[in-house]
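# A closer look at the structure
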Amino acid sequence: MTKIKLLSLLAIIAVLISAPIYSNSRSISKNWTLKEFQNQELKWQNCYGNFECSTLLAPVDYDKNTGDVFHLKIIRYNATDQRHKLGALVVNPGGPGASAFDYAYNAENIVSAAIREKYDIVGFDQRGVGQSDPIRCLTDKETDEMLAGPMITDTSENQRKMIENAKFFASKCKKAAGDRLTHLSTLDSAKDMELLRLALNEQKLNYLGKSYGTYLGTLYASLYPSKVGKMILDGAIDPSISIQEQNLAQAKGFELALNQFLSENNISKVSVANLFKKLRKQSLTTKSTRKLNDSLAILGVAIALYDDKIGWSKLSVAFRQAFMGDGTLLLKLSDEYSGRNQTGKFLSNENDIAPVISCLDWFSNVQTTQKSITLQTFQANAPIFGSFLSNGEIDCKYLFPTKKYRVLILNLVVANPVMIIGTTRDPATPYEWAIALSKSFPNSFLVTLDADGHTGQGRSNPCIDGAVNAYLIDFRGSSAPITCASVGK
């Protein structure tokens with residue numbers, strides 16, 4: 001898995017100085033029509049040496065012109081062969097809430113030199129994310145408390161605390177976002193991406209989306225099927241399932257990855273299960289003043305399973321430390337997951353914005369009477385991860401108490417073939433989702449990586465990366481599915 005560089009605070013300040021500056025007010029001087037948003041011209045300025053930065057304006061509400069806008073920050077790495085350039089490639093790393101601005105800043109690491117030669121690499125932070133008018137609900141201290149809060153409703157006290165935390169989070173987000181809270185969905189961001197295509201003067205949108213980024217690409221394709229160019233959806237999300245079905249599938253996916261990891265590292269699953277039982281009752285000490293409980297530990301395990309090379313190596317040591325009573329490395333892995341640095345500062349607003357976007361996209365009302373059945377199902381299918389993922393919709397109930405589940409009717413009939421990549425033992429986006437998405441796109445082809453870890457492209461697998469290069473550069477798709485074998489760890 002490619003390590004993504006995050007822009008430092010000083011670098012962010014520098015780009016805000018060098019990039020085009022718009023008023024910090026929440027509205028523009030006049031109410032633009034949609035046509036004016038569609039015809040805006042980007043003003044590019046140099047930033048970070050080899051990059052250019054700009055700002056795209058997007059209406060907060062596409063249905064009602066209120067004059068309120070989002071300022072979407074964009075970064076571009078220019079193709080090294082401008083004379084023979086094939087266009088722009090818009091990239092998104094996933095999330096929801098991860099910074100595509102930072103992802104494109106890693107252009108030299110995320111795509112091959114051959115792709116960089118032919119394509120500008122473009123990333124934009126979605127509305128409310130990163131540098132695009134970010135929504136910050138909680139302070140760093142409050143985020144610490146939330147992450148360490150209970151995730152399992154195994155006692156009445158834990159259930160009470162989870163509801164209390166969800167209500168607190170909802171109240172803080174409503175205060176921070178105001179009227180913008182209901183305009184942060186992926187559907188809104190897909191419409192923003194069409195504004196970006198127009199501003200880039202691209203006939204078609206060329207797109208590389210990973211994990212959650214595949215859902216953004218799917219919605220874009222449904223809204224603007226005639227504008228889809230080369231589209232790669234890696235680590236696919238099945239757009240047809242509910243939030244509960246997502247959570248259960250992810251629980252099973254992480255459990256499968258954990259079982260594979262334990263087998264290869266000669267670690268007993270009973271030992272891991274006993275560790276989590278102990279952590280629910282008593283936290284482990286660490287080499288810092290902080291302690292490790294079960295909620296933080298499961299985040300540390302999850303982030304390590306994303307990466308079957310470096311992550312698995314760290315997790316092996318972390319488990320053995322924890323078995324001896326030292327939670328230091330598992331806590332460090334947990335901090336990697338949440339983006340917490342050593343001073344206690346969270347480097348992005350992903351912890352705040354991710355639940356908001358997910359609830360807007362997927363929330364379905366779940367009756368309280370169903371909870372015990374759901375919990376039993378989760379535990380039966382995923383003994384370690386199931387309990388932790390069985391309450392994934394609790395924030396939604398209080399963020400959007402009157403919202404009803406919306407079934408999107410997707411039109412995914414596109415002219416250009418879509419490349420869909422799935423990894424067989426992907427913990428976060430299970431392989432069956434890639435199969436389901438490939439069936440949803442009549443004109444698509446599935447590329448399978450028979451391996452562990454999250455997503456397939458950019459992990460130094462010559463078969464996967466070769467197929468991506470052929471698709472983007474030589475316009476070669478495939479009339480039959482492609483299967484790639486794992487390379488040595």
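The sections below set out a description of the structure shown in this document.

What counts and what doesn't
- Residues numbered from 1 in each chain as written.
- Predicted model: local features only at pLDDT ≥ 70, side-chain atom pairs only at ≥ 80, totals over all residues.
- Heavy atoms only, no water.
- Helix = DSSP H or I, 4+ residues; strand = E, 2+ residues; numbered from the N terminus.
- Buried < 20%, exposed > 50% of the residue type's maximum accessible area, 1.4 Å probe, protein only.
- Contact = heavy atoms within 4.5 Å.
- Phe/Tyr/Trp six-rings, centres within 6.5 Å; stacked < 30°, edge-to-face > 60°.
- Lys NZ or Arg CZ within 6 Å of the ring centre and 35° of its normal.
- Disulfide = S-S within 2.5 Å.
- Pairing = 2+ DSSP bridges.
- Core = buried A, V, L, I, M, F, W, Y, C linked by side-chain atoms within 4.5 Å.
- Salt bridge = Lys/Arg side-chain N within 4 Å of Asp/Glu carboxyl O.

### Quick notes on the environment of leucine 233
The topology assignment puts leucine 233 in strand E7 (residues 228–234). With relative accessibility at 0%, the residue leucine 233 sits in the buried group. Considering only alpha carbons, one finds leucine 233 and tyrosine 207, 26 residues apart in sequence, at a separation of 8.2 Å. Setting aside its immediate chain neighbours within four residues, leucine 233 contacts Tyr207, Gly209, Thr214, Gly217, Thr218, Val418, Met419, Ile420, Ile421, Leu437 and Phe441.

### Description of the packing of aromatic side chains
Applying the stated rule across the entire model yields 14 aromatic pairs. Ring plane angle 80 degrees and centroid distance 6.4 Å describe the contact between tyrosine 48 and phenylalanine 101, whose orientation is recorded as edge-to-face. Residue tyrosine 48 is found in the loop between strand E1 (45–47) and strand E2 (51–59), and its partner phenylalanine 101 is found in helix H3 (residues 100–105); the two are separated by 53 residues along the sequence. By relative accessible area, which is 22% here, tyrosine 48 ends up partly exposed. The positively charged end of arginine 180 is found above the aromatic ring belonging to phenylalanine 70, 4.4 Å away from the centroid. Over the ring of tyrosine 471 we find lysine 230, and its NZ or CZ is 4.8 Å from the ring centre.

### Overview of the state of the cysteines
Tallied over the entire structure, the rule returns four disulfides. With a sulfur-sulfur separation of 2.1 Å, cysteine 47 is cross-linked through a disulfide to cysteine 53. An S-S torsion of about 85 degrees defines the bridge between cysteine 47 and cysteine 53 as right-handed. Across the disulfide, cysteine 359 is cross-linked to cysteine 396 (sulfur-sulfur distance 2.1 Å). Because the sign of the S-S torsion sets the handedness, a value of about -80 degrees for the bond joining cysteine 359 and cysteine 396 places this disulfide among the left-handed ones. Linking cysteine 359 in helix H15 (residues 350–362) with cysteine 396 in helix H18 (residues 394–399), this pair joins segments that are 37 residues apart in sequence. Both residues of the pair, cysteine 359 and cysteine 396, count as buried. Taken in sequence order, the bonded cysteines of the chain link in the pattern 1-2, 3-4, 5-6, 7-8.

### Points about the pairing of strand E3 (residues 69–77)
Most of E3 sits inside the fold, with nine of its nine residues counted as buried. Alternating positions in E3 separate into two faces, Val69, His71, Lys73, Ile75 and Tyr77 on one and Phe70, Leu72, Ile74 and Arg76 on the other, with burial throughout. By the bridge criterion, nine bridges tie E2 to E3 in an arrangement that is antiparallel. Bridge assignment links serine 54 to a residue of E3, and that residue is isoleucine 74. In this structure, E3 lies alongside strand E5 (residues 119–124), joined through four bridges in antiparallel fashion. Its bridge partner lying in E5, arginine 76 is registered against valine 122.

### Regarding the nonpolar core
With 70 residues, the main nonpolar core has Val90, Ile420 and Phe441 as its most contacted residues. Apart from the residues lying within four places of it in its own chain, the contact partners of valine 90 are Val122, Phe124, Met193, Leu196, Leu200, Leu205, Asn206, Tyr207 and Leu208. Counting residues in hydrophobic clusters, the runner-up holds 40 residues, among them Phe254, Phe261, Phe276 and Ala428.

### Overview of the pattern of salt bridges
On inspection of all chains with the given rule, the structure shows 21 salt bridges. Measuring nitrogen to oxygen at the nearest pair gives 2.6 Å for the salt bridge that ties arginine 160 to glutamate 157. With arginine 160 and glutamate 157 both in helix H7 (residues 156–177) and three residues apart, the pair spans about one turn of that helix. For arginine 160, a relative accessible area of 40% gives the class partly exposed. You can call glutamate 157 partly exposed: its relative accessible area is 42%. With its nearest N and O atoms 2.8 Å apart, the salt bridge here joins arginine 459 to aspartate 308. Linking arginine 459 in the loop between strand E11 (444–452) and helix H20 (462–473) with aspartate 308 in the loop between helix H12 (294–305) and helix H13 (310–323), this pair joins segments that are 151 residues apart in sequence. The buried category is assigned to arginine 459, whose relative accessible area is 10%.

### So, the pairing of strand E4 (residues 87–92)
Most of E4 is tucked away: six of the six residues are buried. Direction of pairing for E4 relative to strand E6 (residues 205–210): parallel, over a ladder of four bridges. Residue pairing in the sheet places asparagine 92 in a bridge with glycine 209 of E6.

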